[in-house]
Amino acid sequence: MSIDKDKIKHISKLARISLDAKKTESLAKDLSSIFKFIEQLNELNTDKIEPLSSILNEPLRSRKDVVNDGKIRERILENSPQKNDEFFVVPKVID
Amino acid sequence: MIEKSEKYLINGAKDKWEVVIGLEVHAQVTSNSKLFSGSSTTFGAEPNTQVSLVDCAFPGMLPVINEYCVQQAVKTGLGLNAKINAYSVFDRKNYFYADLPQGYQISQYKNPIVGEGEITLDLPNGSKKVGIERLHLEQDAGKSIHDIDLSNTFVDLNRSGVALMEIVSKPDLRSPDEVSAYIKKLRSIMKYLGTCDGNMQEGSLRADVNVSVRKEGDTKLGTRCEIKNVNSIKFMQMAIIYESKRQVELLESGKSIDQETRLFDTKKNETRSMRSKEDAHDYRYFPDPDLLPLNLDKKLIEKIRKDLPELPDEKKERFIKEHSLTPYEANVLVSEKEISNYFEEVIKSSDKKLAKNWIMGDLFASLNEKNISILESPIKAKKMAELIDSISSGVISGRTAKEVFEIMKETGEDPKQIIENKGLQQKSDPKELEKIIDKILSDNKDKAEQYKSGKDKLFGFFVGQVMKESGGKANPQLVNEILKKKLK
């Protein structure tokens, strides 16, 4: 799969990362060659192999349904660029 | 699919159109703590007090799954007669929004925990089966508050990370009424199971509504629009009515439908395109590397299946058989767990037929009048049973019972107390009644003669006089018997 500039623009928009024209071009080139390298895997026959979502062969760890966290409002608001006593404050977002 | 109900069609300028609806219901899992953290899920807490470092996505925090939420999803799946997938995977659904601190929602995409199932709707003209496509677990987002400050949005993350079940139906619904029946049934099943409280005002149950139209008789599905996040049955119905008409008008004027996400404006009663969200449709799902696949133990599934409570459909069958109810009555009485509990509590110690009539009649009317649920009823099941018992044992007449009921519904008082305090007991002493009757007969000798010579209709007059004389307290049955004897 070759990654063209439009694809890079689309991805950067989704990721909210702004790129100038030069960077867009160089990323397109880099990513294309990375993909080319990865695509060698397509040569393998995987017809009878189930897709793998984790390489760890362990069960998922779980927890009991108990409340043992929260009530740390000051701490979690502490690092917010904008806040008041109760809320995170962000620029107006409305659809 | 049984299609007994009258077809809901939209009459366009040219054709008749069928409406095809599918629902994605988001149901909040009933649990103490969140899906991947130990913060509380209690509704209505002070803003941002139920937020852990995991819920606000601080760097390095790792999600650990709440085993109870998993069991709740399995339980719900079993209640929907659905296939439980022993293997499921959590994926990241990527998008940016101020109330989504992770920048992605942990959800399940390719491998949901529950697969296909089915719900039976009870419609006025019969029943209809609606397919369930899947049920998966996911995190809720936080809450954005736009109306406190003019230029800023406030974010409360208390809801962030609370477990939701997204329950996706097949496009089997055909009218606003079916949608209402579907939501009510789904809600009822989850409340019986104790897996979701179904409280729509608190946002525990919301739905995305997929609507498309096609000409009557067509089998191919039309292009659909998705109406996001509708939080009441009434609004769902209004949105569907508006949206289907909009689509018919577009199609009949030769235009086509854009597959898009729309928003229902409850004030203007219209749906609007949410173009700003179009880009966000590229969610770039991939398995969450912080979480391993979820493998369910078969034994756990079987244990949950074994422990399932009696669900509305089974209860309905049992009520029809055991308590000789009609299907309609049974539907009403099982529609909510609290109602069926109340009914069963009342009939433990009183007559079934009277109980059914009193609950579905006077009690429901008084609850509607006050707009309260049966749980909030001032008349508790035990007292209702006592009232009914005093009718069947002849202490008071049905008419007096209504009087007692009127007091009970205001004060919640004990019926026996009311009857005693107000001296409402029926006069069932034959000697006492005979005295009254003798007096009436001697006061109305002419009428008694007329009756004896064949004017049968006068019987009612005598009964009326006796009741009047006794202040409405004479036992009507006894009065009838004695009068008949005396007038021979």
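Residues numbered from 1 in each chain as written. Chains lettered and ligands numbered in written order. Predicted model: local features only at pLDDT ≥ 70, side-chain atom pairs only at ≥ 80, totals over all residues.

A.B. asks: How would you summarise the overall build of chain A if you had to cite specific residues and measurements?
C.D. replies: A count of helices and strands for chain A gives three helices and two strands. Compactness check: chain A gives a C-alpha radius of gyration of 22 Å against a globular reference of 12 Å for 95 residues, more than 25% above the reference. For chain A, the spread of C-alpha atoms along the three principal axes comes to 55 × 45 × 25 Å. Within chain A, the fraction of its 95 residues that count as buried is 8%. (Helix = DSSP H or I, 4+ residues; strand = E, 2+ residues; numbered from the N terminus. Rg over C-alpha atoms; globule rule 2.2 N^0.38 Å. Buried ≥ 20, exposed ≤ 12 C-beta atoms within 10 Å, placed from the backbone.)

A.B. asks: How would you sum up helix α13 (residues 445-452) of chain B? Please name residues and give values.
C.D. replies: Owing to its 3.6 residues per turn, the α-helix brings residues three or four apart onto one side. Sparse coverage of α13(B) is indicated by the burial of zero of its eight residues. Trailing α13(B) by a residue or two, Gly454(B) shows a phi angle of about 115°, which is positive.

A.B. asks: Just give me the short version of unusual backbone geometry, but keep the residues and values in it.
C.D. replies: Residue and element names in this part refer to chain B. We note that Ala-57 has phi near 60°; this positive angle belongs to a residue other than glycine. Secondary-structure assignment places Ala-57 in the loop between β2 (16-28) and β3 (65-66). Positive phi, normally seen in glycine, also occurs at Asn-229, with a value near 50°. Tracing the sequence through the fold places Asn-229 in strand β13 (residues 225-230). Looking at Asn-229, the number of C-beta atoms within 10 Å reads 15, which means it is partly exposed.

A.B. asks: With reference to specific residues and values, describe the nonpolar core.
C.D. replies: All names here are of chain B. If you look at the biggest cluster of nonpolar residues, it comprises 64 residues, and the most contacted ones within it are Ala-73, Tyr-182 and Val-209. The dominant element in this core, judged by the number of residues it contributes, is helix α2 (residues 176-193), at nine residues. Setting aside its immediate chain neighbours within four residues, Val-209 contacts Ile-21, Leu-23, Ile-227, Val-230, Met-236, Ala-239 and Ile-240. Of all hydrophobic cores here, the second largest spans 32 residues; its members include Leu-367, Ile-388, Ile-391 and Val-395. (Core = buried A, V, L, I, M, F, W, Y, C linked by C-beta atoms within 7 Å. Contact = placed C-beta atoms within 7 Å.)

A.B. asks: Residue-level account of the domain arrangement of chain B, with values.
C.D. replies: Partitioning chain B into domains gives domain 1 (9-305), domain 2 (310-421) and domain 3 (430-486). Put simply, the middle of domain 2 of chain B and the middle of domain 3 of chain B, counted by C-alpha atoms, are 34 Å apart. (Domains from an automatic or database assignment.)

A.B. asks: Could you give an account of the interface of chain B and chain A, naming the residues involved and the relevant values?
C.D. replies: With 42 residues of chain B in contact, the opposing surface of chain A contributes 33 residues. Elements that contribute at least two residues to the side of chain B that touches chain A include exactly β3, α1 (67-79), β10 (152-156) and β17 (294-295) of chain B. At five residues, the largest contribution of residues to the side of chain B that touches chain A is made by β10(B). Looking at side-chain class alone, the side of chain B that touches chain A contains 19 nonpolar, 19 polar and four charged residues. Bridge count between strand β1 (residues 62-63) of chain A and β3(B): two bridges; the pairing is parallel. Counterpart to Arg63(A) in the pairing with β3(B) is Asn66(B). (Nonpolar A, V, L, I, M, F, W, Y, C, P; charged D, E, K, R; others polar. Pairing = 2+ DSSP bridges.)

A.B. asks: Give me the sheet that holds strand β9 (residues 143-145) of chain B: which residues, what numbers.
C.D. replies: Taken together, the three strands give an open sheet; going across it, the order is β2(A)-β10(B)-β9(B), and neighbouring strands pair in antiparallel fashion. Edge strands, defined here as strands with exactly one partner in the open sheet, are β2 (88-91) of chain A together with β9 of chain B. The average angle at which neighbouring strand axes cross in this sheet is 35°, direction not considered. Across three bridges, the pairing between β9(B) and β10(B) is antiparallel. If you follow Ser144(B) over to β10(B), its bridge partner there is Val155(B). (Axes fitted to C-alpha atoms, helices over the stretch in contact; angles between N-to-C directions.)

A.B. asks: Residue-level account of the environment of Leu41(A), with values.
C.D. replies: All names here are of chain A. Topologically, Leu-41 is positioned in the loop between α2 (21-38) and β1. For Leu-41, a count of 8 C-beta atoms within 10 Å gives the class exposed. Separated by 27 residues in the primary sequence, Leu-41 and Leu-14 place their C-alpha atoms 27 Å from one another.

A.B. asks: Let's hear about the environment of Thr76(B): which residues, and what values?
C.D. replies: Residue and element names in this part refer to chain B. Topologically, Thr-76 is positioned in helix α1. For the pair Thr-76 and Val-29, spaced 47 residues apart in sequence, the C-alpha to C-alpha distance is 9.6 Å. Contacts of Thr-76, omitting those with residues within four sequence positions, involve Leu-135, Met-165, Met-190, Leu-193 and Thr-195.

A.B. asks: I'd like a rundown of the sheet that holds strand β6 (residues 104-107) of chain B, residues and numbers included.
C.D. replies: All names here are of chain B. Strand order across the open sheet formed by three strands is β6-β5-β16, with antiparallel pairing between neighbours. Of all the strands in the sheet, the pair left with one neighbour each is β6 and β16 (286-287). Looking at chain direction, strand β5 (residues 91-94) and β16 are connected through two bridges and run antiparallel. Its bridge partner lying in β16, Asp-91 is registered against Pro-287.

A.B. asks: With reference to specific residues and values, describe helix α12 (residues 430-443) of chain B.
C.D. replies: Residue and element names in this part refer to chain B. Given a rise of 1.5 Å per residue, 14 residues ought to cover 20 Å, and the 20 Å separating the end C-alpha atoms of α12 matches this to within 8%. Listed in full, the buried residues belonging to α12 are Leu-433, Ile-437 and Ile-440. Looking down the long axis of α12, one finds its buried residues gathered within 60° of arc, a one-sided arrangement. Residues of α12 that are exposed and point over 90 degrees away from its buried face: Lys-431, Lys-435, Asp-438, Ser-442 and Asp-443. (Expected span 1.5 Å × (residues − 1). Arc of directions from axis to C-beta.)

A.B. asks: Go over the packing of α2(B) against helix α3 (residues 233-252) of chain B, please, and point to the residues and values.
C.D. replies: All names here are of chain B. Here α2 crosses α3 at 150°, and the two axes come no closer than 9 Å. Taken as axis vectors, α2 and α3 run roughly antiparallel relative to one another. Here the hand of the crossing between α2 and α3 comes out right-handed. Residues Pro-176, Val-179, Ser-180 and Ile-183 of α2 form the contact with α3, whose participating residues are Ile-233, Met-236, Gln-237, Ile-240 and Ile-241. Tallied by class, the residues present in the contact of α2 with α3 amount to seven nonpolar, two polar and no charged. (Parallel < 35°, antiparallel > 145°, perpendicular 65-115°, else oblique. Left-handed = near helix turned anticlockwise from the far one by under 90°.)

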